Amino acid sequence: MSKQYEKETICVQAGWQPKNGEPRVLPIYQSTTFKYETSEQMGRLFDLEEAGYFYTRLQNPTNDYVAAKICELEGGVAAMLTSSGQAANYYAVFNICEAGSHVVLSSTVYGGTFNLLTCTMKKMGIECTVVDPDADEETLSGAFRENTRCVLAETIANPALVVLDIEKFARLAHSHHVPLIVDNTFATPINCNPFAWGADIITHSTTKYMDGHAMSVGGCIVDSGNFDWTAYPEKFPGLCTPDESYHGITYTEKFGKAAYITKATSQLMRDLGSIQAPQNAFLLNVGLETLPLRMERHCYNAQKVAEYLEAHEKVAWVNYPGLKSSKYYDLAQKYMPDGTCGVIAFGLKGGREAAVRMMDKLKLAAIVTHVADVRTCVLHPASHTHRQMNDEQLVEAGVAPDLIRLSVGIENVRDIIADLEQALAQAD
Ligand SMILES: *Cc1c(COP(=O)(O)O)cnc(C)c1O
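Bear in mind that the values here come from a model prediction, so they are computed numbers and not experimental data.

Definitions and cut-offs
- Residues numbered from 1 in each chain as written.
- Predicted model: local features only at pLDDT ≥ 70, side-chain atom pairs only at ≥ 80, totals over all residues.
- Heavy atoms only, no water.
- Pairing = 2+ DSSP bridges.
- Helix = DSSP H or I, 4+ residues; strand = E, 2+ residues; numbered from the N terminus.
- Axes fitted to C-alpha atoms, helices over the stretch in contact; angles between N-to-C directions.
- Contact = heavy atoms within 4.5 Å.
- Right-handed = clockwise from strand over helix to strand, strands pointing away.
- Salt bridge = Lys/Arg side-chain N within 4 Å of Asp/Glu carboxyl O.
- Buried < 20%, exposed > 50% of the residue type's maximum accessible area, 1.4 Å probe, protein only.
- Parallel < 35°, antiparallel > 145°, perpendicular 65-115°, else oblique.
- Near = heavy atom within 4 Å.
- Polar contact = N/O pair within 3.5 Å; in protein donor to acceptor, adjacent residues only side chain to side chain.
- Areas by Shrake-Rupley, 256 points an atom, 1.4 Å probe, with all protein chains shown as cover.
- Nonpolar A, V, L, I, M, F, W, Y, C, P; charged D, E, K, R; others polar.

**Student:** Tell me about the sheet that holds strand 2 (residues 102-106), and please be specific about residues and values.
**Tutor:** Overall, mixed pairing links the seven strands, which are arranged 1-7-6-5-4-2-3 in an open sheet. A single partner strand is all that each edge strand has here, and the edge strands are strand 1 (78-82) and strand 3 (127-131). Direction aside, the axes of adjacent strands within the sheet are offset by 20 degrees on average. Judged from the five bridges that link them, strand 6 (residues 201-205) and strand 7 (residues 219-223) form a sheet pairing that is antiparallel. Pairing of T203 across the sheet is with I221, part of strand 7. Each of strand 1, strand 6 and strand 7 touches helix 3 (residues 61-74); the most contacted strand, strand 1, lies at about 125 degrees to it.

Take a look at the structure:
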């Protein structure tokens, strides 16, 4: 579809383009495999000599139509879906790292991403240095090494709600000749397009706002096509030297701007297999159709709730980038002038115990290990998602022990506030 359309139109119309007599709605290609007329034709697919589908562990048309929509929303050149946000971040990094590589990681990333990099990928021989995203450029520069291969950070950190200075991080990454990978899950492409500010690769947990209804786990990787892997080929041998498992093709030579996604699909998907189920991709596509409407309402409601909480006598602190009192207000205005997200972090004067008591009194807002869907929900990260971290790591991750993560849904905001009101009244 032509790039001239606005995001609301892309969300509804991009991706699946039916031809004469074909279904209007994106079909679910519920098939593991695809048929060919000749054996030779299929052989060419296996050699990457021809584009085409052969086995759903690598690629499926339903997935690719949805990836194409997200790609257009982000302004990228190529994209792929993964089975989860975890798989997206894993593949995004592992596609350009191997044993002996090093990653610069923002300390405030999602707990699952923090674990992935600092524990699991460490066992694979990939080291990382954790940095404070608010540090100045000189300090951050000190984290880079000869073997650094990428930088990974989140547009709006889950759940610390730290807003990333994307331009600062892009400058740093590029001055060290490596790409900046930005996890854009919380902002969504509706509120921020990190490529416009210099990011090179974008990842998403589509499980959150994109699906939006808490129905399916999924992820996505988008490539801007802007990073020149061949400028420092010794840093990216996987992209710039022949791949023996494909008869010696070199991704950057054969696929140009699509090199990074082609490698991630044909190598990582082939060997690790974290494909998104086409059923889930179909649900994700339905979610994407209303993403702009929902984000507008999430942001409107969250702003009202944040202002209500800030004025409440039992509330010790509120962190929401849309509040003028927020340390990240200016960065949010610069990178996300139309709104940030529906997630608010706050603490009560009664501390951790009062937080747990208040949450137990909520009637409308459910306690769930989820965030960023249509239903208002709450979580106490120190007891739930971040439970594996010690107090020092919690503070580093921007997760105070008393932090309540409130994911404001799209219900009527008066009902959400009334629910908080009655729960707060009982939280002593
Ligand atoms: C949830 C989340 C992830 C992990 O995604 P899953 O789909 O749960 O695997 C990664 N990054 C961010 C910012 C998230 O919020």
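So that's the structure; there's more coming.
**Student:** Just give me the short version of the pairing of strand 3, but keep the residues and values in it.
**Tutor:** Where strand 2 lies against strand 3, five bridges are found, and the strand directions are parallel. In the strand pairing of strand 3, L105 is matched with V130. Running through helix 5 (residues 111-123), the crossover from strand 2 to the neighbouring parallel element strand 3 is right-handed.

**Student:** Tell me about the sheet that holds strand 10 (residues 366-367), and name the residues and values.
**Tutor:** Spatially, 8-9-12-11-10 is the arrangement adopted by the five strands of the open sheet, whose pairing is mixed. What marks the edges here is a single partner per strand, and that holds for strand 8 (315-319) and strand 10. The pairing of strand 8 with strand 9 (residues 343-348) spans four bridges and is antiparallel. Of the residues in strand 9, the one forming a bridge with N319 is A345. Sheet strands in contact with helix 13 (residues 291-310) are strand 8, strand 9 and strand 12 (404-407), and its direction is about 10 degrees off that of strand 9. Packed onto the sheet, helix 15 (residues 351-361) meets strand 9, strand 10, strand 11 (377-379) and strand 12 and runs at close to 125 degrees relative to strand 9.

**Student:** Requested: an account of the pattern of salt bridges, with residues and values cited.
**Tutor:** Tallied over the entire structure, the rule returns nine salt bridges. K35 is the salt-bridge partner of E37, the closest N and O atoms lying 3.5 Å from each other. Assigned by exposure class, E37 and K35 land together as exposed. Two residues, R375 and D373, come together in a salt bridge whose shortest N-O distance is 3.0 Å. The buried category is assigned to D373, whose relative accessible area is 3%.

**Student:** Kindly report on the packing of helix 12 (residues 278-289) against helix 13, identifying the contributing residues and their values.
**Tutor:** Orientation of helix 12 relative to helix 13, taken along the N-to-C sense of each, is 60 degrees, at an axis distance of 5 Å. It follows that helix 12 is oblique to helix 13 by the angle criterion. Here G287, L288 and E289 of helix 12 come into contact with helix 13, specifically with L291, P292 and R294.

**Student:** Describe the site of the ligand, naming the residues involved and giving the relevant values.
**Tutor:** If you check the shell around the ligand, you find 15 residues, and the closest are N158, D183, S205, T207 and K208. Q86 has a polar backbone atom sitting 2.9 Å from an oxygen atom of the ligand. Between the ligand and N158 there is a distance of 2.8 Å, counted from an oxygen atom to a side-chain nitrogen or oxygen. Here the ligand loses 92% of its free accessible area of 380 Å² to cover by the protein chains. When residues in the shell around the ligand are grouped by element, the largest group, three residues, is from helix 4 (residues 85-94). By residue class, the composition of the shell around the ligand is three nonpolar, nine polar and three charged.

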